[in-house]
Amino acid sequence: MSVGTEPRGEVRFSENVAALQPSVTMVVSTRVRQLIAEGKDVLDLCVGEPDFPTPAFIGEAGIEAIRSGKTRYTPAAGIPELRAAIARDLERIAATPRRFDPHGVVVTSGGKQALFNAVFSLFGPGDEVIVPVPYWTTYPEQVELARARPVFARGDAARSYKVTPRNLDPIATDATKGLILNSPSNPSGAVYTLDELRALAEWATERDVWIISDEIYRKICFAAHVAPSVLDLPEEITQRVVLVDGASKAFAMTGWRIGFSYSSKALADKFAAVQSQTTSNASSPSQYAALAAFQGGDHAVAEVERMRQIFQKRRDLLAGLFAEKLPGVRYVHPDGAFYFWFSIDRFARAGEDSSAFCERILDEQGVGLVPGSAFGQDDFVRMSFAYTEDTLRAAVDRLSRAL
Ligand code: PLP
């Protein structure tokens, strides 16, 4: 058999990946981009990344790293300067003064890898991991990659689908080992208050359940400048917590692939070991670029704030447009991130699920949205507002024609 020839008969993949699906959000956005490349008039509102270029001083630091030959392997957990800069940045934004140990930081190839390191290290066959709905599409897939079982928790619509212990009690069992939180949320934009996080951390501590807290949108928050973090809670209730964050969203660095986790040193060492046997270190020039971002001081803070304000303005614009042009369409008012999560019940035809609805809206109105099925809620869709105000206005106009 020559290279590239399809093997005869069906390929039977291992149980590790038997149920694995490609990331739906990427599949949809690939289709939308294809239509645009064919010259179709399509407004692509699928994408989950800031539409801003990476701030110039960060890019320059990456270029300088390449020029000066910082292009070799680094320690698996990242260059010590970056781990220290991240720890200091966590101290800077903490709600109350506390110390963050650089040895608890593991620099990863994107937040996604930090999440994978944690899920794969903490959960395995027989374990159940609670995932609140709507969830970021990757959580259940990674839990299944670890051969554990995702168990879905449902919060009330009136609370923007945020979960409370009352929603977790009925689904918790002796096998429950983890809870994956995401605040601000992709796709809903909901932000947990510190009291809400406290209640969940107390619940988890009582049951020895791990919390993996994905706070990658933490710096894109509209109620406060920085969303509350589980690590703002007292240490007695955060001993079984892994924080996942990164440079992708806050610094408009999605393609540089820099994320990190923060945890106890013992966990961090295990995450670094997983990484050392899979991908090794995150790209070294990217680490130097992220170093400029995380230790960038006032300059970096100002850049993040500039982008945060633009997102907030767009959020307000969209809320106004929904009230004016899409009356009666239910949505979660986003307090963070850059997504509008809205119900299709006023649009959908009988029997139409979120995928069929998205296909129709793409074909008929030229608007690319991500179906809610990707996030575990089939009667909703996600619209990103990482786009210009003109694009958002045009998209709502087109949607209003479909009402
Ligand atoms: N967590 C959430 C909630 C996300 O939306 C994303 C990216 O879309 C990530 C993690 C992963 O980020 P990264 O691109 O740094 O891997």
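Before reading on, note that the structure itself is shown above.
I will try to describe carefully the structure that is included in this document. Quick caveat: nothing in here was measured; it's all calculated off a predicted structure. (Residues numbered from 1 in each chain as written. Predicted model: local features only at pLDDT ≥ 70, side-chain atom pairs only at ≥ 80, totals over all residues. Heavy atoms only, no water.)

## Focus: the packing of helix 4 (residues 111-122) against helix 8 (residues 265-276)
Here is step 1: Helix 8 packs onto helix 4 with a crossing angle of 105° between their chain directions and a minimal axis gap of 9 Å. With respect to helix 8, the axis of helix 4 lies roughly perpendicular. From helix 4, Gln113, Asn117, Ala118, Ser121 and Leu122 reach across to helix 8, where they touch Leu267, Lys270, Phe271, Val274 and Gln275.
Here is step 2: Residues belonging to the contact of helix 4 with helix 8 are distributed by class as follows: five nonpolar, four polar and one charged. (Axes fitted to C-alpha atoms, helices over the stretch in contact; angles between N-to-C directions. Helix = DSSP H or I, 4+ residues; strand = E, 2+ residues; numbered from the N terminus. Parallel < 35°, antiparallel > 145°, perpendicular 65-115°, else oblique. Contact = heavy atoms within 4.5 Å. Nonpolar A, V, L, I, M, F, W, Y, C, P; charged D, E, K, R; others polar.)

## Description of a negative patch on the surface
Here is step 1: Together, Asp353, Glu359, Asp378 and Asp379 make up a negatively charged patch on the protein surface.
Here is step 2: With respect to the helices and strands, the residue aspartate 379 is situated in the loop between strand 12 (370-371) and strand 13 (380-384). (Patch = residues over 30% accessible without salt bridge, like charges linked within 9 Å, V, L, I, M, F, W, Y side chains within 5 Å. Areas by Shrake-Rupley, 256 points an atom, 1.4 Å probe, with all protein chains shown as cover. Salt bridge = Lys/Arg side-chain N within 4 Å of Asp/Glu carboxyl O. Lys, Arg positive; Asp, Glu negative; His and termini not counted. Charge placed at Lys NZ, Arg CZ, Asp CG, Glu CD.)

## Focus: the side chain of serine 248
Here is step 1: Here serine 248 lies in the loop between strand 7 (241-246) and strand 8 (259-262).
Here is step 2: Note on serine 248: relative accessible area 4%, which makes it buried.
Here is step 3: In this view, serine 248 contacts Pro50, Met253, Thr254, Arg257 and Ile258; residues no more than four positions away in its chain are not counted. (Buried < 20%, exposed > 50% of the residue type's maximum accessible area, 1.4 Å probe, protein only.)

## Let's talk about helix 11 (residues 354-365)
Here is step 1: The terminal C-alpha atoms of helix 11, which comprises 12 residues, lie 15 Å apart, in line with the 16 Å expected from a rise of 1.5 Å per residue.
Here is step 2: Of all the positions in helix 11, only Ser354, Phe357, Cys358, Arg360, Ile361, Leu362 and Gln365 are classed as buried.
Here is step 3: Those residues of helix 11 hidden inside the fold are in contact with helix 1 (24-37), strand 11 (367-368), strand 12, strand 13 and helix 12 (389-402).
Here is step 4: Once helix 11 finishes, glycine 366 follows within two positions and takes phi at roughly 65°, a positive value. (Expected span 1.5 Å × (residues − 1).)

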